[in-house]
Amino acid sequence: MQPEFWHKKWASGQIGFHLPEVNPYLQRHWAAPASARVLVPLCGKSLDLAWLAGRGHRVLGIELSEKAVENFFSEHQVQPQISEKGAFKVYRSDAFELWCGDFFALTASDVADCTALYDRAALIALPAPMRERYAAHLQQILPQGVQGLLITLDYNQAQMPGPPFAVGDDEVQRLLGGVWQVEVLEEQDVLSESGKFLQAGVTRLEERVYRVSSR
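Just so we're clear, the structure is a prediction, and the values are computed from it rather than from any experiment.

Calculation rules
- Residues numbered from 1 in each chain as written.
- Predicted model: local features only at pLDDT ≥ 70, side-chain atom pairs only at ≥ 80, totals over all residues.
- Heavy atoms only, no water.
- Helix = DSSP H or I, 4+ residues; strand = E, 2+ residues; numbered from the N terminus.
- Rg over C-alpha atoms; globule rule 2.2 N^0.38 Å.
- Contact = heavy atoms within 4.5 Å.
- Salt bridge = Lys/Arg side-chain N within 4 Å of Asp/Glu carboxyl O.
- Buried < 20%, exposed > 50% of the residue type's maximum accessible area, 1.4 Å probe, protein only.
- Axes fitted to C-alpha atoms, helices over the stretch in contact; angles between N-to-C directions.
- Parallel < 35°, antiparallel > 145°, perpendicular 65-115°, else oblique.
- Left-handed = near helix turned anticlockwise from the far one by under 90°.
- Nonpolar A, V, L, I, M, F, W, Y, C, P; charged D, E, K, R; others polar.
- UniProt positions renumbered as here; feature names shortened; annotations may be inferred.
- Pairing = 2+ DSSP bridges.

Draft legend 1. A look at the overall build of the protein. Helix and strand content of the protein: 7 helices and 9 strands. Computed over its C-alpha atoms, the radius of gyration of the protein comes to 16 Å, within 12% of the 17 Å expected for a compact globule of 215 residues. In terms of principal-axis extent, the alpha carbons of the protein reach across some 45 × 40 × 30 Å. In the protein, 69% of the contacts between residues at least 6 apart in sequence involve partners at least 24 apart.

Draft legend 2. Expanded view of the pattern of salt bridges. All chains considered together, the criterion is met by 14 salt bridges. Here E66 and K89 are joined by a salt bridge, their closest N and O atoms 2.7 Å apart. A residue pair is termed long-range when its members are at least 10 positions apart, and E66 in helix α4 (residues 66-75) and K89 in strand β4 (residues 88-93) qualify at 23 residues. The partly exposed category is assigned to K89, whose relative accessible area is 27%. One salt bridge connects E206 with R204, and the closest N-O pair in it is separated by 3.6 Å.

Draft legend 3. Structural view of the packing of helix α5 (residues 128-141) against helix α6 (residues 169-176). Axis separation between α5 and α6 bottoms out at 9 Å; the angle between their running directions is 40°. Between α5 and α6, the angle is such that the two are oblique. Crossing of α5 over α6 shows right-handed handedness. Between α5 and α6, the contacting residues are R131, E132, A135 and Q139 on the first element and E171, R174, L175 and L176 on the second. Looking at the contact of α5 with α6, its residues break down into 3 nonpolar, 1 polar and 4 charged.

Draft legend 4. Local environment of the UniProt feature "binding site: S-adenosyl-L-methionine" (unreviewed entry) in the protein. The sites that carry the UniProt feature "binding site: S-adenosyl-L-methionine" (unreviewed entry) are, in the present numbering, W10, L42, E63 and R120. With respect to the secondary-structure elements, L42 resides in the loop between β1 (37-41) and α3 (47-54).

Draft legend 5. Representation of the sheet that holds strand β5 (residues 96-100). Here we have 9 strands laid out as an open sheet, ordered β3-β4-β5-β2-β1-β6-β7-β9-β8, and mixed in their pairing. The strands lining the two open edges of the sheet, one partner per strand, are β3 (81-85) and β8 (180-189). Neighbour to neighbour, the strand axes of the sheet diverge by 25° on average, direction disregarded. Of the strand pairs in this sheet, strand β6 (residues 114-119) and strand β7 (residues 147-155) are connected by 4 bridges, and their pairing is parallel. The residue of β7 that forms the bridge with D119 is L150.

And the structure:
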């Protein structure tokens, strides 16, 4: 799971994790006030970014792949301003700031005004040791009072290698429960809709949606 892994995925167009529509869980459950600036880790070129901006949010997306960032702006026919900030190359236009670089290089000052979090494809993109590091880094840099959504996948990891990785409810509670209030909003059996998992022989696949609030 080195950076080259994701660069190769984007370069070869192997981006099955990119949804061609706005995530329905986001549309059903998002509740942050329009004034909130939203941190979206490992954002790719997700259409969810535009949906959040359409709700009045300022969006701070963090993405390792420069191709993903450039594709986002070109597909939305927007010409961003480009600058450097620390370890990041920053693409900015109106409500969007997409920072190209390593999520773990983010500092507390970078996200001091973020009061919302949206994680659809970050936690499940990381193997177990990096999930530990990811959760710890979120806790270290985000201010108190952040609220948002976390979406996970849960299946028998022995039946298929990730990514996306299986992250069960017990792991979410262990990683976040000490610092975050974690509430399950919805669970869906999505195996019948997931050809990749069916072909791999996976026998159970659940999506789980959480509301998270930092204490």
